[in-house]
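Chain and residue survey
One letter stands for each residue in the lines below.
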Amino acid sequence: MNYWLFKSEPGEFSIDDLASRPRKTEHWDGVRNYQARNFMRDKMRKHDLGFFYHSSCAEPAIVGIVRVTKEAYPDHTAFDPGDKHFDDKSDPTSPRWFMVDVQLVQKLDVPITLQTLKSFNNRALRDFALLKRGNRLSIMPVTKSQWDFILGL
DNA sequence: GCCAACGTTGGC
DNA sequence: GCCAACGTTGGC
């Protein structure tokens, strides 16, 4: 069992958007960063859990918990010239980008804000990837101890 | 809107 | 392979 953080701009896709989907499940498309892709494609497994994080918004925060329900498969949005995430270097015979399916497990009653997380920057969350200088990954690993600590906040 | 910190691209 | 230019991310 692995743990992850899924980053999304709520203006693009929010936790409420996920909650409104059938079976509260949606594919996590649009990842266009190799490191993030590799985590998804090579390490993410069915039943893994993840934090749903809202970025680039008034209150950046972890807002919920999701579960991986389908392992990596080609991201079809890369094949669609009309899609925002179109990439002409990816095609169905040799897909470059991948996605997984995630299901909402729980929306947090109280978001765990970036500000709160930062207050543990030099303590329990010293090595938390989200707090690393300049880390802009949209998919990042979370250790079990980090996961447990954050859920205990 | 600003800007730091990256990642990507492309000429050489 | 190097590196400058450029584009993107994301907090503030």
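This write-up is about the structure you can find in this document. Bear in mind the structure is a predicted one, so any value in this text is a computation, not a measurement. (Residues numbered from 1 in each chain as written. Chains lettered and ligands numbered in written order. Predicted model: local features only at pLDDT ≥ 70, side-chain atom pairs only at ≥ 80, totals over all residues. Heavy atoms only, no water.)

If you trace the backbone, W4 turns up in strand β1 (residues 3–8). Since its relative accessible area comes to 3%, W4 is described here as buried. Separated by 44 residues in sequence, W4 and D48 place their C-alpha atoms 7.7 Å apart. Residues in contact with W4, not counting those within four places in the same chain, are F39, K43, M44, D48, L49, G50, F51, I139, M140, P141, V142 and W147. (Helix = DSSP H or I, 4+ residues; strand = E, 2+ residues; numbered from the N terminus. Buried < 20%, exposed > 50% of the residue type's maximum accessible area, 1.4 Å probe, protein only. Contact = heavy atoms within 4.5 Å.)

Looking now at the protein's contact with DNA strand C. Close to DNA strand C lie K7, Y53, S55, S56, P60, L114, K118 and R136, which account for all nearby residues. Within 4 Å of the protein, atoms of DNA strand C come from sugar and phosphate in 80% of cases. Contacts to DNA strand C include Y53, whose side-chain N or O atom sits 2.8 Å from a phosphate oxygen. (Near = heavy atom within 4 Å. Polar contact = N/O pair within 3.5 Å; in protein donor to acceptor, adjacent residues only side chain to side chain.)

Here we come to the packing of aromatic side chains. Summed over all chains, the structure comprises nine aromatic pairs. Aromatic side chains F51 and W147 sit 4.0 Å apart centroid to centroid with 20° between the ring planes, which places their arrangement in the stacked category. You can see F51 sitting in strand β3 (residues 49–54) and its partner W147 sitting in helix α4 (residues 144–151), a full 96 residues away along the chain. Of the two residues examined, F51 and W147, each falls in the buried class. Aromatic ring contacts, followed pair by pair, group F6, F13, W28 and F52 into a single cluster. Its end group placed over the ring of Y73, K70 keeps NZ or CZ at 4.0 Å from the ring centre. (Phe/Tyr/Trp six-rings, centres within 6.5 Å; stacked < 30°, edge-to-face > 60°. Lys NZ or Arg CZ within 6 Å of the ring centre and 35° of its normal.)

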